[in-house]
Amino acid sequence: MSARPIAYLAGIGSGIPAEVMTNHDFAAVGIETSHEWIVERTGIVERRIARGAGESTAGMAATASRIAMERAGVHAGEIDIIVLSTASPDRLLPSTAVDLQAELGASRAAAFDLSAACSGWLYGLTVAEGMIMSGVAETALVVGSEKMSSIIDWSDRATCVLFGDGAGAAILKRSTDGRGILSTYLRSDGTLADLLYRPDGGARRPFDADVLAERGQYVHMAGREVFKHAVRSMADAVDRALDGAQLAASDIDLLIPHQANLRIIDATAKHARMPMDRVYVNVDRYGNTSSASIPIALDEAIAAGRVGKDSTVLMVAFGAGFTWASMVARL
């Protein structure tokens with residue numbers, strides 16, 4: 001029997017940009033690809049691109065947060081901690097989390113960003129759970145928000161077709177009734193950093209004319225190697241989360257994997273011995289939204305009636321770093 005949960009997900013919300021970019025639209029930006037090529041390799045049909053007014057990383061985060069707060073019955077003054085995961089902050093200093101704090105009016109909260117790429121939302125939930133456990137907080141807002149379109153090289157077919165923009169948020173509160181987080185698992189391997197990274201634009205090599213000419217500020221990816229390690233790390237994370245919760249795959253109502261690639265999702269489901277009708281997939285409509293992908297999928301799964309109160313979900317992710325993470329939660 002698993003340990004008594006410390007914290008539970010009291011409300012979930014998402015913030016999705018209005019503009020839809022289909023696979024066919026890449027011809028307009030000069031990318032030599034096809035709808036069929038993209039679907040065959042990734043499962044992606046379309047993605048959302050943040051170009052509208054207010055569709056910044058903080059703006060999308062605010063939309064998702066307000067929905068999550070309303071569903072949890074929480075007002076801004078009750079939030080003790082804001083943890084915002086992003087690989088695409090609106091600016092390098094200060095954090096996007098403090099901009100979100102100001103937008104929400106959560107004046108008594110401590111706010112900070114967390115950088116763990118696509119695993120970041122699960123990392124953030126784990127950090128917030130620890131703060132609740134320690135007594136530092138009673139109510140936390142955990143957000144994954146990404147404007148990946150701003151850090152993608154739109155001349156690189158290998159990456160630009162993969163990513164989309166969006167945000168997802170959760171209110172985490174102290175558990176009193178047995179619902180909540182049953183297990184978490186976090187890992188990383190920095191020796192794999194150069195498989196998926198932004199080479200330049202940081203303190204080691206700040207922006208200058210050479211960086212811009214070399215397009216070193218954009219995401220670079222070794223796709224074949226990323227795929228191999230992603231499948232391996234997702235399988236590891238599935239096993240560890242189930243072991244931690246002392247549950248079997250048959251106890252899980254829905255598997256919600258990071259939405260990066262349909263082939264990786266399929267491999268993860270097969271490893272977990274879960275049929276695809278118990279796996280949530282929306283990569284076809286959003287592409288890879290990095291740390292926003294799991295909360296967006298969870299929000300949709302709840303809205304669609306795929307899970308509800310007392311459902312048990314297994315969430316698993318991998319990302320640049322490499323990082324990987326998993327969590328079992330009873331809603």
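Before reading on, note that the structure itself is shown above.
These numbers come from a predicted model, not from an experiment.

A. Broad picture of the pairing of strand S12 (residues 312–319). When you tally the buried positions in S12, you get eight out of eight residues, the bulk of the element. Residues of S12 alternate between two faces, with Thr-312, Leu-314, Val-316 and Phe-318 on one and Val-313, Met-315, Ala-317 and Gly-319 on the opposite face, all of them buried. For S12 and strand S13 (residues 323–330), the ladder comprises eight bridges, and the chain directions are antiparallel. When the bridges of S13 are listed, Val-313 appears paired with Ala-329.

B. Looking closely at the sheet that holds S13. Judged by pairing direction, the sheet is mixed, and its four strands sit side by side in the order S8-S13-S12-S11 without closing on themselves. The sheet terminates laterally at strand S8 (180–188) and strand S11 (254–257), the two strands that pair on one side only. Ignoring strand direction, the axes of neighbouring strands in this sheet form an average angle of 10 degrees. The pairing of S8 with S13 spans eight bridges and is classified as antiparallel. The residue bridging Ser-188 from the neighbouring strand is Thr-323, located in S13. Running over the sheet, helix H4 (residues 120–134) touches S8, S12 and S13 and is turned about 120 degrees from S8.

C. Geometry of the packing of aromatic side chains. Per the stated rule, a full pass over the model turns up two aromatic pairs. With centroids separated by 6.2 Å and ring planes inclined at 25 degrees, the aromatic side chains of Phe-26 and Trp-154 adopt a geometry described as stacked. Of this pair, Phe-26 sits in the loop between strand S2 (19–22) and helix H1 (35–42) while Trp-154 is found in the loop between strand S6 (139–147) and helix H5 (157–160), placing the two residues 128 residues apart along the sequence. Aromatic side chains Phe-318 and Phe-322 sit 6.1 Å apart centroid to centroid with 45 degrees between the ring planes, which places their arrangement in the tilted category.

D. Representation of unusual backbone geometry in the model. In this structure, the amide linkage connecting Leu-93 to the following residue, Pro-94, adopts the cis form with an omega of 0 degrees. Residue position: Pro-94 is located in the loop between strand S4 (81–85) and helix H3 (96–104). Along the chain, Gly-321 connects to Phe-322 via a cis peptide bond; the corresponding omega equals -20 degrees. Phi is positive for Ala-117, close to 55 degrees, though the residue is something other than glycine.

E. Seen up close, the packing of helix H7 (residues 223–245) against helix H8 (residues 262–272). Between H7 and H8, whose axes approach to 9 Å, the crossing angle comes to 35 degrees. Of the two possible hands of crossing, H7 and H8 adopt the one that is right-handed. Between H7, through Phe-227, Ala-230, Val-231, Met-234, Ala-235, Val-238 and Asp-239, and H8, the contact on the second element is made entirely by Arg-263, Ile-264, Ala-267, Thr-268, His-271 and Ala-272. Residue composition of the contact of H7 with H8, grouped by class: nine nonpolar, two polar and two charged.

F. Seen up close, the sheet that holds S4. If you walk across this open sheet you meet the five strands as S1-S7-S6-S4-S5, and the pairing is mixed. Where the open sheet ends on each side, the last strands, each with one partner, are strand S1 (7–15) and strand S5 (110–114). The mean inter-strand angle of the sheet, taken between neighbouring strand axes irrespective of direction, is 20 degrees.

Rules used throughout
- Residues numbered from 1 in each chain as written.
- Predicted model: local features only at pLDDT ≥ 70, side-chain atom pairs only at ≥ 80, totals over all residues.
- Heavy atoms only, no water.
- Buried < 20%, exposed > 50% of the residue type's maximum accessible area, 1.4 Å probe, protein only.
- Helix = DSSP H or I, 4+ residues; strand = E, 2+ residues; numbered from the N terminus.
- Pairing = 2+ DSSP bridges.
- Axes fitted to C-alpha atoms, helices over the stretch in contact; angles between N-to-C directions.
- Contact = heavy atoms within 4.5 Å.
- Phe/Tyr/Trp six-rings, centres within 6.5 Å; stacked < 30°, edge-to-face > 60°.
- Left-handed = near helix turned anticlockwise from the far one by under 90°.
- Nonpolar A, V, L, I, M, F, W, Y, C, P; charged D, E, K, R; others polar.

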